[in-house]
Every structure is written in C-alpha cells, then in structure tokens.
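# Summary of structural features
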Amino acid sequence: MTKTAFITGATSGFGRACAEMFADKGWGLVLSGRRGDRLRELEEKFTDVAVHTVICDVRNRREVEAMVKNLPDSHMAIDLLVNNAGLALGLKPAQEADLDDWETMVDTNIKGLMYVTRALLPGMVSRGKGHIINIGSVAGSWPYPGGNAYGATKAFVEQFSNNLRADLHGTGIRVSNVEPGLAESEFSVVRFHGNQERADAVYEGTEPLTPQDIAEIVYWIADRPSHVNINRLEVMPVCQSWSPFAIHRQE
Ligand code: NDP
Ligand code: 8X3
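Here the structure is a predicted model, which is why all the values come from computation and not from measurement. (Residues numbered from 1 in each chain as written. Chains lettered and ligands numbered in written order. Predicted model: local features only at pLDDT ≥ 70, side-chain atom pairs only at ≥ 80, totals over all residues. Heavy atoms only, no water.)

### Considerations on the site of ligand 1
Surveying the vicinity of ligand 1 reveals 29 residues, the closest of which are Thr11, Ser12, Arg34, Tyr150 and Ser185. For ligand 1, a nitrogen atom lies 3.0 Å from a polar atom in the backbone of Val58. Here an oxygen atom of ligand 1 and a side-chain polar atom of Ser185 are 2.6 Å apart. Here ligand 1 loses 96% of its free accessible area of 880 Å² to cover by the protein chains. (Near = heavy atom within 4 Å. Polar contact = N/O pair within 3.5 Å; in protein donor to acceptor, adjacent residues only side chain to side chain. Areas by Shrake-Rupley, 256 points an atom, 1.4 Å probe, with all protein chains shown as cover.)

### Points about the pattern of salt bridges
Taken as a whole, this structure holds 13 salt bridges when the rule is applied. Notably, a salt bridge pairs Arg35 with Glu186, separated by 3.2 Å at the nearest N-O pair. With Arg35 in the loop between strand 2 (28-33) and helix 2 (36-45) and Glu186 in the loop between strand 6 (173-180) and helix 6 (187-191), the pair connects residues that are 151 residues apart, well separated along the chain. For Arg35, a relative accessible area of 35% puts it in the partly exposed group. Residue classification places Glu186 among the partly exposed residues on the basis of a relative accessible area of 27%. Here Glu179 ties to Arg232 by a salt bridge, and the two come within 2.6 Å at their closest N and O atoms. Taken together, the residues span a long stretch of sequence, with Glu179 in strand 6 and Arg232 in strand 7 (residues 232-235) at a distance of 53 residues. (Salt bridge = Lys/Arg side-chain N within 4 Å of Asp/Glu carboxyl O. Helix = DSSP H or I, 4+ residues; strand = E, 2+ residues; numbered from the N terminus. Buried < 20%, exposed > 50% of the residue type's maximum accessible area, 1.4 Å probe, protein only.)

### Section: the sheet that holds strand 2
Taken together, 7 strands build an open sheet; the order of strands is 3-2-1-4-5-6-7 and the sheet is parallel. Across the chains shown, the open sheet's two edge strands, defined by having one partner strand only, are strand 3 (51-55) and strand 7. Taking the axes of each pair of neighbouring strands and ignoring which way they run, one obtains an average angle of 15° across the sheet. Along the sheet, helix 5 (residues 148-167) contacts strand 5 (130-135), strand 6 and strand 7; its crossing angle with strand 6, the most-contacted strand, is approximately 160°. (Pairing = 2+ DSSP bridges. Axes fitted to C-alpha atoms, helices over the stretch in contact; angles between N-to-C directions. Contact = heavy atoms within 4.5 Å.)

### Quick notes on the site of ligand 2
Contacts to ligand 2 come from Ser137, Ala139, Tyr144, Tyr150, Phe187 and Arg191. Take Tyr150: an N or O atom from its side chain is 2.6 Å from an oxygen atom of ligand 2. Burial of ligand 2 by the surrounding chains reaches 83%, relative to a free accessible area of 240 Å². Counted by class, the shell around ligand 2 contains 4 nonpolar, 1 polar and 1 charged residues. (Nonpolar A, V, L, I, M, F, W, Y, C, P; charged D, E, K, R; others polar.)

### Section: the environment of Thr4
As for its position among the elements, Thr4 is in strand 1 (residues 4-8). The buried category is assigned to Thr4, whose relative accessible area is 7%. The spatial distance from the C-alpha of Thr4 to the C-alpha of Val51 is 9.2 Å, given a sequence separation of 47 residues. If we skip the residues at most four places from it in the chain, Thr4 touches Trp27, Gly28, Leu29, Val30, His75, Ala77, Ile78, Asp79 and Leu80.

### Overview of unusual backbone geometry
Positive phi values are uncommon outside glycine, yet His193 reaches one of about 50°. By the element assignment, His193 lies in the loop between helix 6 and helix 7 (196-203).

### Notes on the packing of helix 1 (residues 13-24) against helix 8 (residues 211-222)
Between helix 1 and helix 8, the shortest axis-to-axis distance is 8 Å and the interhelical angle comes to 55°. Put simply, helix 1 runs oblique to helix 8. For the pair helix 1 and helix 8, the sense of crossing is right-handed. Facing Gly13, Phe14, Ala17, Cys18, Glu20, Met21 and Phe22 of helix 1, the residues of helix 8 in contact are Pro211, Gln212, Ile214, Ala215, Glu216, Val218, Tyr219 and Ala222. (Parallel < 35°, antiparallel > 145°, perpendicular 65-115°, else oblique. Left-handed = near helix turned anticlockwise from the far one by under 90°.)

### Side note on the side chain of His131
Examined against the element boundaries, His131 turns out to sit in strand 5. Take His131: its relative accessible area is 3%, and that puts it in the buried class. Leaving out residues up to four positions away in the same chain, His131 has contacts with Asp79, Leu80, Leu81, Met124, Ile173, Arg174, Val175, Ser176, Ile221 and Ala222.

### Points about the side chain of Ser188
Among the secondary structure elements, Ser188 is positioned in helix 6. Looking at Ser188, the relative accessible area reads 3%, which means it is buried. Separated by 2.7 Å, the side chains of Ser188 and Tyr203 make a polar contact. Setting aside residues no more than four positions away along its own chain, Ser188 makes contact with Ala199, Val202 and Tyr203.

Shown next as structure tokens:
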C-alpha cells in the first residue's frame, strides 16, 4: 500500500530533497511551506505520485490546524511527518542579538513544530502506526558563539523528541531526531537576512553536507522495519569537528 509523507518546509533545502527522495520511492506527499510558487513547481514536477500541497506558515496555529483538518481523503492517513520547517536568524552574541530574530526562531522551530506534531499525532495513534522525524541540529547539543537562541530551539527539538517517545510508548509510533551539522542550502542566506556573500563565505573551502545527504538519511530512518526506532542521528561533514574550549587569558 502507498505510504504518505507529510513534509514541512518542502520549498527548499532538506525538505525539498526529502520530497524528491520520497517521491522517487513512490510515496504520496503532503508538502507545505509559505512560498506558493515553489509548491506549485513541486506539484508539476512530481507527476507520478499523489501530491497535495498547502501554503502554511507553521507559526500560525490556526493555519496549521486547518491544514491538517482539511487534508483530502487521499492524504489523510499520514505515515510519516518530517518536521523540517525551521531557520536560524543572526549570529550576533546574545547581548547584541535582535529579539525579533529570537522570537521568530522560537515561533518557527519550537512552536511551529509543536503545532504540526500535535495536529497529526491523534490520527497516527488511532491508526496504530506512524513516524515523526524531527530535524534538529548539532547546534542543539554543541554550543558555538552566536548559536544562542537557535541552538536552544534545537535542544528543545531533541528533548521534545525524547519525551514524545516516552508518551507514545506502546502506541507503535516511532520518533527520531536527525541532527545535521554544516549543510549547504538556503539556510545561511536566511540566517544572514539575504546577504548572499556572507552566506557563501560559510561554505567557502569546505565540502559541506548536501540536502540530498540528509534526505537519504531521513529515508533510511523511515525505511527501517517497523520494530526499529532510530532515536537520534547526528551527522557532520568530514570537514567539520570540534574545537578546544575557548580560554580567555588576561593580557
Ligand atoms: P532552507 O532555508 O533551505 O529551508 C528551510 C525551509 O523551512 C523552507 O522550505 C522554508 O519554506 C521553511 N520555513 C521556514 N520558516 C517557515 C515557516 N514559518 N512556515 C513554514 N515553513 C517555513 O534550510 P534547510 O533546508 O537547511 O533547513 C531545514 C531544517 O534543517 C531547519 O529546521 C534547519 O534549522 C535545519 N538544519 C539546517 C542545517 C544546515 O546547515 N543547513 C543543519 C542542521 C539543521 P518557506 O520559506 O517557503 O516557508
Ligand atoms: C545548522 C548547523 O552549525 O550552523 O543547524 O548551527 S549550524
């Protein structure tokens, strides 16, 4: 039987690559994001599978509830939710950061992810099957200068994933958290408010992860036998690892 994946943030980067991967494997798709033109492009691209697209800002609870309530019969039984929509804004130290940026990250990465999860879970539980794959980040486990609120939102995603598993014990629903490191997408252009030059500098001289790398991992996790739950999977490009602790020395 055809399975259906619901992917948030399908208009770019990881979400779009996941849409391509799951379409390639014959899954039905629900694809959402704010950019309608890109969703229309995806509808036209995936002609061999059943695709339903919805313009939805995950920060808007009513919009999220309506998106799930109004799913067509063909796409009502969601087998997999990829909670991918998210962003980083800014890289300034906490004492200089823009509070609006912090709020947007909390509203999107935390509250948006909660709204979509809460709206889709009852259906999964009543059907006795389903899988939620959250997209966290290495920033949720490892601090770095300027990571402040972004990293904290991804730490939420990690612990929320663990706690979902605890609540869903015995239901058969799987929950996984994928935690990527440096990956090239529109992520840095968004982080630097459209400054392409600054975004390009992030990846200069590196071989970062690609959205396709992440889509393959997400698909692999979803494709494990139904008794196997990958709890968390952290992945970095080979060019990325850790630094020593920073020690401030007096002059
Ligand atoms: P992109 O900027 O390429 O894609 C982000 C996606 O999220 C877009 O489709 C965007 O769609 C969607 N989105 C953002 N805000 C909203 C919103 N309010 N409502 C609905 N959709 C929204 O970045 P990535 O693909 O790299 O990022 C995807 C996820 O991966 C994010 O959660 C990010 O934090 C995480 N991540 C990224 C890493 C990286 O280095 N690239 C590493 C680790 C994690 P639209 O603008 O159309 O709404
Ligand atoms: C994205 C990876 O290191 O830029 O979550 O925070 S990082």
